[in-house]
Amino acid sequence: MLQTIMETIFSVENLLALITLTVMEIVLGVDNIIFISILAGKLPMEQQRPARQIGLSLALITRLLLLLSISWIASLTQPLFEVGPWHVTGRSLIMLGGGLFLIYKATTEIHEKLEGTEHGEQSVAVTTLQAVVIQIILLDIVFSLDSVITAVGMANELWVMMTAVVIAVGVMLFLAEGIAKFVNDHPTIKMLALSFLLLIGFSLVAEGFELHIPKGYIYFAMGFSVMVEMLNLRVAAKAKARQPVRLHQRYDTTKLGH
């Protein structure tokens, strides 16, 4: 009997579902890493790594709790009321709210980086670790809901879904610091990242209104933009081009530690 159970658990179908779902969860987690990295970048250097770790740990906990509440997840797709042709569900309200919040945050971040004041010109509100964590929690709910719905649609076994989520978040934790450093070191990449968040926010709003945009299109556009910018950076490095634009920073990192 034990052999039958093991054969069922580790069947080819389950293993393929695990591999596919893990890769999909990692891809879907890219936007989460970008958002967390940008929010953490507003903190002093010594708090940025803890903020990223806390944010991704909360993402893991949120996704596992949602997976354990599959019946509740299913209820979110049931219409609550109708507005003309729009069938309003719990999921659509969450997607709509999350998308609008993401568009707002990305827009204000772009404004702050390009139009904000430099150090010493004007006092700015101090961002605390608690404030960043609260914002991460709000968006984690939206990103996690999307991720869990994808998982439920791709796998039948709960252990497959939970294992894929744990592996994916582990990979994200491993990659987060490198991605954050790369984004913070290259202003044009940071602007691209914020533009990606605008794009993702728009797609979430569209999902809220039952307008499905295939994620493959979105991730292809993001990947193509990054590839072009990487070529630009490579050419600029070889040509020893002029210094890149310096974005406004909330903290002067050159003075930290003195």
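Small disclaimer: the values here were computed from a predicted structure and weren't measured.

Here is what the cut-offs are and how they apply
Residues numbered from 1 in each chain as written. Predicted model: local features only at pLDDT ≥ 70, side-chain atom pairs only at ≥ 80, totals over all residues. Heavy atoms only, no water. Core = buried A, V, L, I, M, F, W, Y, C linked by side-chain atoms within 4.5 Å. Buried < 20%, exposed > 50% of the residue type's maximum accessible area, 1.4 Å probe, protein only. Helix = DSSP H or I, 4+ residues; strand = E, 2+ residues; numbered from the N terminus. Contact = heavy atoms within 4.5 Å. Patch = residues over 30% accessible without salt bridge, like charges linked within 9 Å, V, L, I, M, F, W, Y side chains within 5 Å. Areas by Shrake-Rupley, 256 points an atom, 1.4 Å probe, with all protein chains shown as cover. Salt bridge = Lys/Arg side-chain N within 4 Å of Asp/Glu carboxyl O. Axes fitted to C-alpha atoms, helices over the stretch in contact; angles between N-to-C directions. Parallel < 35°, antiparallel > 145°, perpendicular 65-115°, else oblique. Left-handed = near helix turned anticlockwise from the far one by under 90°. Nonpolar A, V, L, I, M, F, W, Y, C, P; charged D, E, K, R; others polar. UniProt positions renumbered as here; feature names shortened; annotations may be inferred.

Would you take a moment to explain the nonpolar core for this structure?
In summary, soluble globular proteins display a tendency toward joint burial of nonpolar side chains. With 44 residues, the main nonpolar core has Phe35, Leu102 and Leu197 as its most contacted residues. Of all the elements in the fold, those that place two or more residues in this core are helix H2 (12–28), helix H3 (30–40), helix H4 (45–67), helix H6 (90–115), helix H7 (129–154), helix H8 (158–185), helix H9 (187–208) and helix H10 (215–239). Looking at which element gives the most residues to this core, the answer is H7, with 8 residues. With near-sequence residues (within four places) excluded, leucine 197 lies in contact with Asp31, Ile34, Phe35, Ile38, Leu102 and Ala106.

Explain a nonpolar patch on the surface here, please?
Residues Phe220, Phe224, Met227, Val228 and Leu231 make up a contiguous nonpolar surface patch of about 520 Å² in total accessible area. As for its position among the elements, methionine 227 is in helix H10. Overall, methionine 227 belongs to the partly exposed group, its relative accessible area being 45%.

Mind showing me how you'd approach the packing of H6 against H9 here?
Angle between the axes and distance between the axes are the two parameters that describe a pair of packed helices. The contact between H6 and H9 brings their axes to 7 Å, and the two run at 155°. Overall, the two elements H6 and H9 adopt an arrangement that is roughly antiparallel. Between H6 and H9 the crossing geometry is left-handed. Classifying every residue of the contact of H6 with H9 by side-chain character gives 16 nonpolar, 6 polar and 5 charged.

Is there a simple way to explain the side chain of glutamate 25 in this structure?
Relative to the assigned elements, glutamate 25 resides in helix H2. Those residues within four positions of glutamate 25 in sequence are excluded, and the remaining contacts are Arg63, Ser147, Ala151, Ala164, Val165 and Ala168.

Whenever I open this one, the pattern of salt bridges confuses me. Can you help?
Two side chains bearing opposite charge may form a pair once their charged atoms approach each other closely. Inspection of the entire model under this criterion finds 3 salt bridges. In this structure, arginine 63 engages glutamate 25 in a salt bridge whose closest nitrogen and oxygen atoms are separated by 3.5 Å. Of this pair, arginine 63 sits in helix H4 while glutamate 25 sits in helix H2, placing them 38 residues apart in sequence. You'll find arginine 63 and glutamate 25 in the same group, each marked buried. With a shortest N-O distance of 3.4 Å, arginine 49 and glutamate 177 are connected by a salt bridge. With arginine 49 in helix H4 and glutamate 177 in helix H8, the pair connects residues that are 128 residues apart, well separated along the chain. Given a relative accessible area of 46%, arginine 49 falls into the partly exposed group.

Hey, could you run me through the UniProt feature "transmembrane region" (unreviewed entry) in the protein chain in this one?
The residues that UniProt annotates with the feature "transmembrane region" (unreviewed entry) are residues 15–41, 53–74, 86–104, 124–145, 157–176, 188–205 and 217–237. With 95% helix and 0% strand, residues 157–176 has end C-alpha atoms that lie 29 Å from one another. Helix makes up 100% of residues 217–237 and strand 0%. Its end C-alpha atoms lie 30 Å apart.

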